[in-house]
Amino acid sequence: MKKTIGLYVFVLSFCVLFAPNVLAQTDAQFSQYYEIPTFYNPAAVGSTEYLRIRGGARLQWVGIDNAPRSFIGTADMPFKFGNKRVGFGIIANQESAGLYKSLSIGAQIGYKLRKLGGEWTVALQGGIYDQAFKGSEVFIPDDDDFHQSTDDAIPNTDIHGTAFDAAVGLWYSHKYFNAGLSCTHLTSPTITMTAENAAGGSETSGERKYQFQARRTLYFTAGSNIPIKNTLFEIMPSVLVKSDFSFTSGEINARVRYRKFLSAGIGYRWNDAVVVTLAAEIKNFFIGYSYDYSTSAIHKASSGSHELMAGYSLKIDLSEKNRHRHKSVRIM
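Residues numbered from 1 in each chain as written. Predicted model: local features only at pLDDT ≥ 70, side-chain atom pairs only at ≥ 80, totals over all residues. Heavy atoms only, no water.

Peer 1: I'd like a description of the overall build of the protein chain, backed by residues and values.
Peer 2: Scanning the protein chain from terminus to terminus reveals two helices and 18 strands. Counting all 332 residues of the protein chain, 43% fall into the buried class. Summarising the internal contacts of the protein chain: among those between residues at least 6 apart in sequence, 56% fall at separations of at least 24. Surface summary for the protein chain: the accessible area is close to 18200 Å², and the carbon and sulfur share equals 63%. (Helix = DSSP H or I, 4+ residues; strand = E, 2+ residues; numbered from the N terminus. Buried < 20%, exposed > 50% of the residue type's maximum accessible area, 1.4 Å probe, protein only. Contact = heavy atoms within 4.5 Å. Areas by Shrake-Rupley, 256 points an atom, 1.4 Å probe, with all protein chains shown as cover.)

See below:
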């Protein structure tokens, strides 16, 4: 019964999602957003002196069948183009929920300049957004008066569509803090998916079209590292606010890091969850885990959400004379 109810919920969500001209917030939710800043803002590319690689997975609302599953991969680095400093990055994100799945892939380029005591970056992102629905697994009961087993609003075959997607961002890095403003799904792309009509379908064209429109979303992010005087500790507060012009939410997080090695933190997502995070950094390797405890009614059906993030950072020397000398393998 639990599994059946779960499937009904996500089929119903799909019906709402793919209704004509429907808009929906499409970006995945990650509690360790501060570790993947380029996912939310392309202008965060090259904001460190490292080739920064991050990958992670999120299992949301464990205990509920067909709940969202998200995977993320990002990489970015600074480099010089002539005498100008720029940043380059790539992102890939895949999310599944119920019978539908989305995939987002993008490349980012940012131009940097120093003003007002810090570094400003303006950046663009271009890529693709793919939406798919596994209609072959749809199950609609036909033994009562509440369901229509031949509803044309729900596909009975697997369908998917792809559209160009873009984002733009502005980022400011200071010695003591950073902040950024960005807009994802800048063109609010519309994805059209086509399904062939079964025999006896109500349309004569032989196919049905379904549309999904990714909602344009604004993000504001900010963070800081605050050393505690005469100790080996530092406090790292951060904030994320997002809005798709019809729904706005935000979260705040405060972490404490010891000797740039171990860190722990607690956060709160507005009207959604309390987040606890543990992380470690060892020789440029990073691994972090977060647990979300829902503060909404969904906690009655779920034991919480789990997220694992890992990565590696490689020092990049942009000076005229590379101080990091390496021996050639040919003469070793």
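Peer 1: Tell me about the layout of surface pockets, and please be specific about residues and values.
Peer 2: The calculated volume of the largest pocket comes to roughly 1300 Å³. Lining of the largest pocket is provided by 38 residues; of these, Thr 48, Arg 52, Asn 178, Asn 225 and Arg 257 occupy positions nearest its centre. Classifying every residue of the lining of the largest pocket by side-chain character gives 14 nonpolar, 13 polar and eleven charged. (1 Å grid on protein atoms, 1.4 Å probe; cavity = no way out; pocket = protein on both sides within 12 Å on 5 of 7 lines; lining within 4 Å. Points joined across faces, edges and corners; volume = space filled by probe spheres on them. Nonpolar A, V, L, I, M, F, W, Y, C, P; charged D, E, K, R; others polar.)

Peer 1: Any details on the packing of aromatic side chains? Residues and values, ideally.
Peer 2: Where two aromatic rings form a pair, the distance of their centres and the angle of their planes describe that pair. Under the defined criterion, the tally for this structure stands at ten aromatic pairs. With a centroid separation of 5.8 Å and an interplanar angle of 85°, the aromatic rings of Phe 30 and Phe 39 are classed as edge-to-face. Grouping residues by exposure puts Phe 30 and Phe 39 together as buried. On the numbers, 5.2 Å between centres and 70° between planes, the contact of Tyr 33 with Tyr 34 is edge-to-face. Assigned by exposure class, Tyr 33 and Tyr 34 land together as buried. Aromatic ring contacts, followed pair by pair, group Phe 30, Phe 39, Tyr 40 and Tyr 219 into a single cluster. Arg 255 extends its terminal NZ or CZ atom over the ring of Tyr 34, reaching a point 3.7 Å from the ring centre. (Phe/Tyr/Trp six-rings, centres within 6.5 Å; stacked < 30°, edge-to-face > 60°. Lys NZ or Arg CZ within 6 Å of the ring centre and 35° of its normal.)

Peer 1: Could you give an account of the pairing of strand S15 (residues 262–269), with specific residues and numbers?
Peer 2: Residues Ser 263, Gly 265, Gly 267 and Arg 269 point to one face of S15 and are all buried, whereas Leu 262, Ala 264, Ile 266 and Tyr 268, pointing to the other face, are not buried. Looking at chain direction, strand S14 (residues 248–258) and S15 are connected through eight bridges and run antiparallel. Bridge pairing links Ala 254 to Ile 266 in S15. If you look at the hairpin formed by S14 and S15, you'll find three residues sitting between the two strands, and Arg 259 has a positive phi there, around 55°. Sheet topology note: the S15/strand S16 (residues 273–282) ladder contains eight bridges and is antiparallel. Bridge assignment links Ala 264 to a residue of S16, and that residue is Leu 278. (Pairing = 2+ DSSP bridges.)

Peer 1: Give a detailed account of the confidence of the model for the protein chain, specifying residues and quantitative values.
Peer 2: Residue-level pLDDT values for the protein chain average 85, and 82% of them are 70 or greater. Note that pLDDT drops below 50 for residues 323–332; the model gives that stretch four contacts with residues more than four away or on any other chain. (pLDDT = per-residue confidence, 0-100.)

Peer 1: Please set out the environment of Gly 117 residue by residue, giving values where relevant.
Peer 2: Turning to its location among the elements, Gly 117 is positioned in the loop between strand S5 (100–115) and strand S6 (118–134). Gly 117 sits 56 residues away from Ser 173 along the chain, and the two C-alpha atoms are 9.0 Å apart. In this structure Gly 117 touches Tyr 172 and His 174, once residues within four positions along its chain are discounted.

Peer 1: Let's hear about the pattern of salt bridges: which residues, and what values?
Peer 2: If you walk through the whole model with that rule in mind, you get 16 salt bridges. Between Arg 269 and Asp 292 there is a salt bridge whose closest N-O contact spans 3.2 Å. In this pair, Arg 269 is assigned in strand S15 and Asp 292 in strand S17 (residues 285–294), connecting sequence segments 23 residues apart. With respect to burial, Arg 269 and Asp 292 carry one shared label: buried. Connected through salt bridges with shared partners, the residues Arg 58, Glu 251, Arg 269, Asp 272, Asp 292 and Glu 307 form a single ionic network. (Salt bridge = Lys/Arg side-chain N within 4 Å of Asp/Glu carboxyl O.)

Peer 1: Describe a nonpolar patch on the surface, naming the residues involved and giving the relevant values.
Peer 2: Nonpolar side chains collect at one region of the surface, where Ile 226, Ile 228, Leu 232, Phe 233, Ile 235, Val 256, Tyr 258, Phe 261, Leu 262 and Ile 282 lie side by side and expose about 820 Å² of accessible area between them. Of all the secondary structure elements, the ones that give two or more residues to the nonpolar patch are strand S13 (233–243) and S14. Note on placement: Ile 228 falls in the loop between strand S12 (226–227) and S13. Overall, Ile 228 belongs to the partly exposed group, its relative accessible area being 34%. (Patch = residues over 30% accessible without salt bridge, like charges linked within 9 Å, V, L, I, M, F, W, Y side chains within 5 Å.)

Peer 1: Just give me the short version of the pairing of strand S11 (residues 217–224), but keep the residues and values in it.
Peer 2: Two elements, strand S8 (residues 177–184) and S11, share eight bridges in a ladder whose sense is antiparallel. Looking at S11, one finds that Ser 182 is bridged to Tyr 219. Sheet analysis places S11 next to S13, joined by six bridges and oriented antiparallel. Bridged to Leu 218 within S13 is Ser 243.

Peer 1: Outline empty space enclosed by the protein, supporting the account with residue identities and numerical values.
Peer 2: Considering all chains together, one arrives at five cavities of 30 Å³ or more under this definition. Taken as a whole, the largest cavity spans an internal volume of roughly 120 Å³. In this structure, the largest cavity is lined by 15 residues; those nearest its centre are Asp 27, Phe 39, Ser 104, Asp 165 and His 185. Elements represented by at least two residues in the lining of the largest cavity include exactly strand S4 (84–97), S5, S6 and strand S7 (158–173). Here the residues of the lining of the largest cavity sort into six nonpolar, seven polar and two charged.

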